[in-house]
Amino acid sequence: YTAILFNVDEKLNILKLASFFQVSELTIKNDIKKLKGLLKKRDLTMRYNNSNGFYIDSDELKIRKEMMKIFIENLFGFQNSENRQELFVNYKIKEFLNDYMMKLDQEFLKNYLKSIENMLVENTSNEVFELLIIYFTIAILRISKKNIIIKDDSYNSYIIKTNEYRILKENIEILEKKNKIKFSEEEVLKLAEYFLGSHTYNYSYTFYENWIEVEILVRKLIGEINKNSGVDISNDKLLFEGLLNHIKPTIYRIKNDIYLPNVIFEEVYLSCEELFG
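All values derive from a computational prediction rather than experimental measurement.

## Thoughts on helix 9 (residues 163–179)
Between its first and last C-alpha, helix 9 extends 24 Å over 17 residues, near the 24 Å set by a 1.5 Å rise per residue. Taken as a whole, helix 9 carries its principal kink of about 45° at N171. Turning to helix 9, its buried residues number three or more, namely E164, Y165, I167, L168, N171, I172, L175, E176 and N179. Directly beyond the C-terminal end of helix 9, a positive phi value near 55° is found at K180.

Below is the structure:
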């Protein structure tokens, strides 16, 4: 799965996957059948065509989030196994991820991100800085293959007013020229979000743990409303993603003492008064 998701150059078929992991073609076929069910639960689909071989298809943000999770689990949470086959696969995956990162000039990228940090007068931990490097690498390589984020206005009006967005926008041409790509407005907004997150979440626990904590918070919030509203909203994926997107900048504003007047509160109160009882 990781080999397919992070593949950039090769046309991956069953034969190449079998060779890569040193298993039989039958094993790969059986694993692919199991994998399709697992991916479906994550709103991801594995597809195959003669031009590209196997590839993962879904909303671009979901794919990038899955790629970040795989990096975190394998590079920050890597553990040895007593099972020799599992150990071999783990090392092959780690090797594949390292090769993926090396497709870009990492020294150039690190210097670029450090310069952005200096302009923001913000210092992140080494762990969080590594996560920024990983996301920027993923974004650049995905864009270079025409895999781009679709426009989403859910909370862009907030991010566009931040220093993170302004500074990235003023300096994005440096990355564009170096990698011969073009960042859309939506891509720059997403990069700014990651910079916002890097100093919003860099407190008493790790970036990844806080990412999970925020998702748990949103699920609990939906659960409480679900219990008291008489309407089942527990499986509303659009609601979950929308709340998650709004809570991220809310946490940032609270921790940085930023006040935004709520101009629509009265309208919401009057239209949903029963929820405020």
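Still to come is the rest of the account.
## A closer look at the packing of aromatic side chains
Under the defined criterion, the tally for this structure stands at seven aromatic pairs. Ring centres of F6 and F71 lie 5.2 Å apart, and the angle between their planes is 90°; this geometry places the pair in the edge-to-face category. Residue F6 is located in the loop between helix 1 (2–5) and helix 2 (14–21), and its partner F71 is located in helix 4 (residues 60–76); the two are separated by 65 residues in the primary sequence. Accessibility classification places F6 together with F71 in one group, the buried group. Measuring from centroid to centroid gives 6.3 Å for F71 and Y100, while their planes differ by 55°, and the two rings are tilted. Taken as a pair, F71 in helix 4 and Y100 in helix 5 (residues 84–101) lie far apart in primary sequence, 29 residues in all. The pair F71 / Y100 is uniform in exposure class, with both members buried. Through pairs of rings, three or more aromatic residues link up here, namely F6, F71 and Y100. Over the ring of F108 we find K178, and its NZ or CZ is 4.9 Å from the ring centre. One cation-aromatic arrangement involves R219 over F240; the distance from NZ or CZ to the ring centre is 4.1 Å.

## Details of the pairing of strand 2 (residues 53–57)
Relative to strand 2, strand 1 (residues 45–49) runs antiparallel, the two sharing five bridges. The residue bridging Y48 from the neighbouring strand is F54, located in strand 2. Where strand 1 folds back onto strand 2 in an antiparallel hairpin, the turn is made up of three residues.

## Quick notes on the packing of helix 2 against helix 3 (residues 25–41)
In contact at an axis separation of 8 Å, helix 2 and helix 3 are set at 105° when each is read in the N-to-C sense. Between helix 2 and helix 3, the angle is such that the two are roughly perpendicular. Residues I14, L15, L17 and A18 of helix 2 pack against E25, I28, K29 and I32 of helix 3. Partitioned by chemical class, the residues of the contact of helix 2 with helix 3 number six nonpolar, no polar and two charged.

Parameters at a glance
- Residues numbered from 1 in each chain as written.
- Predicted model: local features only at pLDDT ≥ 70, side-chain atom pairs only at ≥ 80, totals over all residues.
- Heavy atoms only, no water.
- Helix = DSSP H or I, 4+ residues; strand = E, 2+ residues; numbered from the N terminus.
- Expected span 1.5 Å × (residues − 1).
- Bend = angle between axes of the 7 residues up to and from the residue.
- Buried < 20%, exposed > 50% of the residue type's maximum accessible area, 1.4 Å probe, protein only.
- Phe/Tyr/Trp six-rings, centres within 6.5 Å; stacked < 30°, edge-to-face > 60°.
- Lys NZ or Arg CZ within 6 Å of the ring centre and 35° of its normal.
- Pairing = 2+ DSSP bridges.
- Axes fitted to C-alpha atoms, helices over the stretch in contact; angles between N-to-C directions.
- Parallel < 35°, antiparallel > 145°, perpendicular 65-115°, else oblique.
- Contact = heavy atoms within 4.5 Å.
- Nonpolar A, V, L, I, M, F, W, Y, C, P; charged D, E, K, R; others polar.

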